[in-house]
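One letter stands for each residue in the lines below.
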Amino acid sequence: MEVKTSIEEKRVKSTIIRRRTVQPPAAPIPSPQALAPDSLAPEETPLPVETVSSDPQVLSETSTAGLEKPVLPVEKEADDFATPARKATRKKTRDELDMEMIERVGGLKKAAVILTEAPEKLERVYRPDKGSKKRRLVAKRDFKKTEITVAKASKKVIRIENTIVVGELAHRMSVKGAEVVRKLMGLGMVTSMNQTIDFDTAVLVAHDFGYEVENVAFEEAAVLTETAVKNLKLRAPVVTIMGHVDHGKTSLLDAIRRTNVAGGEAGGITQHIGAYEVELPKGKITFLDTPGHEAFTAIRARGAKATDLVILVVAADDGVMPQTVEAIHHAKAAKVPILVAINKIDKPGADPARVERQLMEHGLVSEKLGGDTIFIPVSAKEKRGLEELLEMILLQSEVLELKADSEMKAKGVVIESKLDKGRGPVATLLVQQGTLRGGDAVVAGVAWGRVRAMADHRGQPMREALPSMPVEILGLSQVPQAGDSFDAVSSEEDARLVAEHRLERERKVKAVVRPNLETFFAEAQKGPSIPELKVIVKADVHGSAEALRDSLAKLSGEKVKVSVVHWGVGALTESDVMLGVTSHAILLGFNVRPDARGREVAEKEHVEIRTYSIIYEALDDIRKAMEGLLKPIRKEEYLGRVEVRQLFKIGKVGVIAGSAVVDGKVIRSAPVRVLRDGKVIYEGRLSSLKRFKDDAREVTMGLECGIGIENFNDIKVGDIVESYQVQEIAAKL
């Protein structure tokens, strides 16, 4: 009989358990008669059921009748559908996990200490480890607490350059911009985040936040250090020749040159550099050739004293001309001594006495008449009086005691400059202090460089230039402006830094506000810093100019003075504008207009030009400007008085005085004074004025009211509150 078996599979996690079962053959259902014992044949006995365990090597058999008998093991059949069994992972016990924890913490002793002294340092955490999902006991990590970062002392220093934007300051201090704005408001400054504040204000604000502010702006004074003048020695005088164009100024210069050559002195005159030297037995003289007075005026406008003496050339046959008067005003504005040379005395119509009388009208009185001005008659054509002129120049220089230190670094002024195609920027310098040597680093205005080549007034190369010597140099970065001061510095790098700093300052600084009637009035309110109003007058005819000048002079009084710096006939020219810049004067034109060049320079230098066609309009404007200088007259006007009859104390408001108006009226906006026993004990303003519960603008006599006084609560019953107002009346000349 064939035995049939079946296989049952069961999966537990990753283990597959198979069970083989022996199935008996299906037997026919016997009839009741066949159930009798006698009817059963020996060969029809039912077969026992075999049970196969999970272990295929063990086999046991149990018969249905309860009888056991040994049977042969059933061979394991090949199962083509079964997959190979995976090796089961044994789960770690708690003791094994604790041992792993002991190894992690560093040994049994250390683990025992942690368990006994600081069990809170152990915690059960989940760490996947090869299928195990149990929480293990591991040592806690010591996490640092959050610390507030405090900047180091070296990082609490803010470096700025003179000014800083409010928002940038807040960013560098790591604070909100609103806090910085609030601090500034506490200092009385209403600013926004985009506005700039100066260094001193930044120091105050940063100090409140625990920061220091350091000014790292470039200090020009640190580079251009003033050296103490010690070894003073006499130097040659610097003379500027001025005068009318047709009065023989150029002829006089040529005559001085020929005289110098005739005297046996070597050298000539190179006119294009604008300066030259004349050597005499008694010393040297440096002449500046300034046609049109351009360089002279520019120098004076920048505050550089480039000349020691002015020679005013006047033609004996022509007399004093408008340009001669202009030259006199330039010299007086510069506060330079004037020496008059009356030229062309060889002409038939020459009259030196008439010239002296005309110059007396402008404040130049001859020594013969008791004045202090030297008059010398000369003839450039016949070379008469030239020796005496040169000697008087030397004598005047001895009186002035002109001295300089030749051992310090060179300082001076730029006389003129130009751009040469072959040599580049060329500058003519006048050394005033120190010694300029070849190879020195110099800075002149915004131009800088090193002296590559140096030549004297003859064009001859030279190694050094002493005080009062004109010199032509090469090597500057650009063409400097006439009148700029120059300084010798230690290195070329310092010269570059100074020039860049000046250039940046010119870009940032706003245009200089030149004087006009409005600014003149504004500055007058600050105090008596401007004692006089300076005016330059130009008219179409001589009579009108003279009348306007005399009328302005009559406006002067004890408190305000009008000074006419220059007056003349003709259009307002560039020279008039530059004189206005130098002397801080206002330009008035009567029936004349400025020329194209004059208008251009006036716009550039921000000089105001006012033109009139009626003389009374000009006088009225000047009179108003002068009256603006006077302080207004303050006049007090009595309004009324109030008697205090009852006091009311209100919490946040203070003391309110129930009063009655006994005289006049009381106005809320008017100032008041509190009288007690006829004495003034307080002056201030009303904080409130009410009629019953309503605010009142004013209360008249016979009515009752409630009043409160600002910052004053020591009021008593019976006090008198007097109301008044102050009127300001403009002062008149």
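Here the residue index of a chain counts from 1 through its sequence in written order. Local features in a predicted model are, by the rule used here, given only for residues with pLDDT of at least 70; side-chain atom pairs are given and counted only at 80 or more, and totals for whole chains, interfaces and linings are based on all residues. Excluded from the side-chain calculations are hydrogens and water; all other atoms, namely the structure's heavy atoms, are used.

Overview of the nonpolar core
Grouped burial of nonpolar side chains is what soluble globular proteins tend to show. The term nonpolar core refers to a set of buried residues drawn from Ala, Val, Leu, Ile, Met, Phe, Trp, Tyr and Cys, joined through side-chain atoms within 4.5 Å. A 1.4 Å probe rolled over the protein chains alone gives each residue an accessible area, and that area as a share of the maximum for its type sets the label: buried under 20%, exposed over 50%, partly exposed in between. Among the nonpolar cores identified, the biggest contains 26 residues, and Leu252, Ile285, Phe287, Ile311, Leu389 and Ile393 are the most heavily contacted of them. Each helix corresponds to a stretch of at least 4 residues labelled H or I by DSSP, and each strand to a stretch of at least 2 residues labelled E; elements are numbered beginning at the N terminus. Among the elements that make up this core, the one with the highest residue count is helix 11 (residues 386–400) (6 residues). Residue contacts follow a heavy-atom distance rule, with two residues in contact if any of their heavy atoms lie within 4.5 Å. Those residues in contact with leucine 252, other than ones at most four positions away along the chain, are Val313, Val378, Ala380, Leu386 and Leu389.

Overview of unusual backbone geometry
Peptide bonds are trans in most cases, and residues, glycine excluded, mostly fall at negative phi. The phi torsion at serine 468 lies on the positive side, around 70 degrees, for a residue other than glycine. Position of serine 468 among the secondary structure elements: in the loop between strand 24 (464–465) and strand 25 (470–476). Non-glycine residue asparagine 591 carries a positive phi angle of around 60 degrees. Structurally, asparagine 591 is set in the loop between strand 29 (586–590) and helix 16 (596–605). Residue class for asparagine 591 comes out partly exposed when judged on its relative accessible area of 40%.

Comments concerning the pairing of strand 15 (residues 309–315)
In terms of residue burial, strand 15 counts as a mostly covered element, since 7 of its 7 residues are buried. Every second residue of strand 15 is oriented toward a common face, with Leu309, Ile311, Val313 and Ala315 on one face and Val310, Leu312 and Val314 on the other, all of them buried. Relative to strand 15, strand 12 (residues 238–243) runs parallel, the two being bridged by 5 bridges. The partner of methionine 242 across the bridge, within strand 15, is leucine 312. Sheet topology places strand 15 next to strand 16 (residues 338–343); 6 bridges connect them, and they run parallel. Bridging across to strand 16, alanine 315 finds its partner in asparagine 343. With respect to chirality, the unit in which strand 15 leads through helix 9 (residues 322–334) into the neighbouring parallel strand 16 is right-handed. DSSP-based pairing: two strands are paired if at least 2 bridges between them are found. The handedness of a crossover follows from its direction of travel: if, with the strands pointing away from the viewer, the path from the first strand over the helix to the second runs clockwise, the crossover is right-handed.

Section: the pattern of salt bridges
For salt bridges, the criterion is a side-chain nitrogen of Lys or Arg within 4 Å of an Asp or Glu carboxyl oxygen. Within the structure shown, the criterion is met by 28 salt bridges. The salt bridge involving arginine 597 is made with glutamate 574; its shortest N-O contact spans 3.3 Å. Taken together, the positions of arginine 597 in helix 16 and glutamate 574 in helix 15 (residues 574–583) put the pair 23 residues apart, joining distant regions of the chain. The class for arginine 597 is partly exposed, based on a relative accessible area of 41%. Assessed through its relative accessible area of 23%, glutamate 574 is described here as partly exposed.

Examining the confidence of the model for the protein chain
Close reading of the predicted structure is inappropriate where its pLDDT is low. Overall, the predicted model of the protein chain reaches an average pLDDT of 77, with 72% of residues at or above 70. Confidence scores labelled pLDDT are given residue by residue by the predictor and lie between 0 and 100. Mean pLDDT across the secondary structure elements of the protein chain bottoms out at strand 4 (residues 59–62), with 40, and peaks at strand 22 (residues 441–444), with 93. Note on residues 34–83: pLDDT is under 50 here. Beyond four places in sequence and across chains, it has 48 contacts. For residues 259–273, every residue scores under 50 in pLDDT, and the model assigns this stretch 27 contacts once sequence neighbours within four places are set aside.

Digging into the packing of aromatic side chains
Remark: the centre distance and the inter-plane angle together describe each pair of aromatic rings, the angle taken between the planes. Aromatic pairing here means that ring centres of Phe, Tyr or Trp (its six-membered ring) are within 6.5 Å. Orientation follows from the plane angle: under 30 degrees is stacked, over 60 is edge-to-face, and everything else is tilted. Scanning the model with the defined rule gives 1 aromatic pair in all. Relative to phenylalanine 712, the ring of tyrosine 682 has its centre 4.7 Å away and its plane inclined at 10 degrees; by these criteria the two rings are stacked. Separated by 30 residues along the polypeptide, tyrosine 682 in strand 34 (residues 679–691) and phenylalanine 712 in the loop between strand 37 (704–709) and strand 38 (720–729) bring together distant segments of the chain. For phenylalanine 712, a relative accessible area of 12% corresponds to the buried category. For a ring to carry a charge above it, either NZ of a lysine or CZ of an arginine must fall within 6 Å of the ring centroid while also lying within 35 degrees of the normal to the ring plane. A cation over an aromatic ring shows up here: lysine 156 above the ring of tyrosine 211, its NZ or CZ 5.3 Å from the ring centre. Of note, arginine 673 hangs over the ring of tyrosine 724, and the distance from its end group to the ring centre comes to 4.0 Å.

Considerations on the sheet that holds strand 23 (residues 447–455)
Pairing within the closed barrel is antiparallel, and its 6 strands lie in the order 19-20-25-23-22-26. Sheet twist, expressed as the mean angle between neighbouring strand axes with direction ignored, is 45 degrees. The axes are straight lines fitted to the C-alpha atoms, using for helices just the contacting stretch, and the angles between their N-to-C directions are given from 0 to 180°.

A word on the packing of helix 15 against helix 16
Helix 16 packs onto helix 15 with a crossing angle of 25 degrees between their chain directions and a minimal axis gap of 8 Å. Classified by the interaxial angle, the pair formed by helix 15 and helix 16 is roughly parallel. Contact with helix 15, carried on its side by Glu574, Val577, Met578 and Val581, involves Arg597, Gly598, Val601, Ala602 and Glu605 of helix 16 and no other residues of that element. Every angle not falling under 35 degrees, over 145, or within 65 to 115 is termed oblique; those three ranges are roughly parallel, roughly antiparallel and roughly perpendicular.

Focus on the pairing of strand 22
The alternating pattern of strand 22 places Ala441 and Val443 and Val442 and Ala444 on opposite faces, both of which are buried. Note: strand 22 against strand 23, 4 bridges, orientation antiparallel. Looking at strand 23, one finds that alanine 444 is bridged to alanine 447. Linking strand 22 back to strand 23 in an antiparallel pair, the connection comprises 2 residues, with glycine 445 at a positive phi of about 65 degrees. Across 4 bridges, strand 22 lies against strand 26 (residues 485–489) in antiparallel orientation. Within the sheet, the bridge partner assigned to alanine 444 lies in strand 26 and is phenylalanine 486.

Comments concerning the packing of helix 4 (residues 177–186) against helix 5 (residues 199–208)
One way to put it is that helix 4 packs onto helix 5 with a least axis distance of 10 Å and a crossing angle of 120 degrees. In this structure, the crossing between helix 4 and helix 5 has a hand that is right-handed. On helix 5, the residues that touch Val180, Lys183 and Leu184 of helix 4 are Thr201, Val205 and Asp208. In the contact of helix 4 with helix 5, the residues fall into 3 nonpolar, 1 polar and 2 charged. Take the far helix as your reference; a near helix turned counterclockwise from it by less than a right angle gives a left-handed crossing, and one turned clockwise gives a right-handed crossing. Gly is put with the polar residues, along with every residue not named as nonpolar or charged; the nonpolar set is Ala, Val, Leu, Ile, Met, Phe, Trp, Tyr, Cys and Pro, and the charged set is Asp, Glu, Lys and Arg.

A short note on the sheet that holds strand 29
As summarised here, the arrangement of the 4 strands in space is 28-27-29-30, forming an open sheet in which the pairing is parallel. The open sheet has two edge strands with one neighbour each: strand 28 (561–569) and strand 30 (609–612). Neighbour-to-neighbour, the strand axes of this sheet turn through a mean angle of 25 degrees, independent of strand direction. The pairing of strand 29 with strand 30 spans 4 bridges and is classified as parallel. Across the sheet, residue glycine 589 finds its bridge partner in strand 30, namely threonine 611.

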